[in-house]
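One-letter residues, chain by chain:
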Amino acid sequence: SGGQAARVLAAVRLRFKVADDAEITLEGNPESLTPDALEGFRCSGITRISVGVQSLDDAVLAKVGRAHDARGAQRAVNLVRESGFPEVSLDLIAGLPGENLVLWPDTLRRAVALLPDHLSVYLLESDKDTPLGRAIRGGRTVVAGDDAMAALYEQTVAVLDDAGFPLYEISNFARPNHRSRHNLKYWTDAPYVGFGLGAHGYVGGERRANRRDLDGYLGAL
């Protein structure tokens, strides 16, 4: 909730010097970005919302178990804009089960038509310990091969560049002056701290990963 986000950010400000123009990003699924929630997030100091659109094909969204459809994603993006956030980003996943790769450029253009400032496009990974990952590895779900995914990536770069979103990092595209500082820091060897279950950090030249199970994490604290 907005109140919980405010508590987290207050704790950060209590312990760290936060720049006045800090980029503060929150990721959210379309169904979670309600007007009341967005108002709370904006009042807490969040400046950038990344909407987990994933796909704009209703059949694909249903197949991978997403709770929203394309219309819901569009509504969420519009609500974020109307709520006054200066930076809006969309997350897409290329190569989801059931995706018609021939129509992928149309999906990208539909995403651009939502007028975001930034787009993150990730190629589907099947090595994660998720229901989808296990189904792919077990042969119950079939996805595109490596060569097809490589071609899809090159096509993504070309379509988004033509649309005014040049590639600036492996999976990220942005309008001029809208690159994400969060994404850039990984490539400039900047330190970052991870709080919470499974969070990763890089401090003092050492990479760390927190425990993923709640009981173990609380015990470690």
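About the thresholds
- Residues numbered from 1 in each chain as written.
- Predicted model: local features only at pLDDT ≥ 70, side-chain atom pairs only at ≥ 80, totals over all residues.
- Heavy atoms only, no water.
- Helix = DSSP H or I, 4+ residues; strand = E, 2+ residues; numbered from the N terminus.
- Rg over C-alpha atoms; globule rule 2.2 N^0.38 Å.
- Buried < 20%, exposed > 50% of the residue type's maximum accessible area, 1.4 Å probe, protein only.
- Contact = heavy atoms within 4.5 Å.
- Lys, Arg positive; Asp, Glu negative; His and termini not counted.
- Charge placed at Lys NZ, Arg CZ, Asp CG, Glu CD.
- Salt bridge = Lys/Arg side-chain N within 4 Å of Asp/Glu carboxyl O.

A. Examining the overall build of the protein chain more closely. Check the secondary structure of the protein chain and you find nine helices and eight strands. Against the compact-globule benchmark of 17 Å for 221 residues, the protein chain has a radius of gyration of 18 Å, which places it among compact chains. Dimensions along the principal axes, computed over C-alpha positions, put the protein chain at roughly 50 × 40 × 35 Å. Burial analysis of the protein chain (221 residues in total) assigns 38% to the buried set. Taking the contacts inside the protein chain whose residues are at least 6 apart along the sequence as the reference set, 58% of them involve residues at least 24 apart. Within the protein chain, the 29 negative side-chain charges are centred at a point lying 5 Å from the centre of the 25 positive side-chain charges.

B. Region of interest: the pattern of salt bridges. Under the criterion given, the structure shown has six salt bridges. Asp 117 is the salt-bridge partner of Arg 81, the closest N and O atoms lying 2.9 Å from each other. Of this pair, Arg 81 sits in helix 4 (residues 70-82) while Asp 117 is found in the loop between helix 5 (104-113) and strand 4 (118-123), placing the two residues 36 residues apart along the sequence. The class for Asp 117 is buried, based on a relative accessible area of 7%. Residue Glu 206 is joined to Arg 208 by a salt bridge in which the shortest nitrogen-to-oxygen separation is 3.0 Å. Using a relative accessible area of 42% as the deciding quantity, one classes Glu 206 as partly exposed.

It is worth stressing that arrangement in space is one thing and function is another; only the former is reported here.
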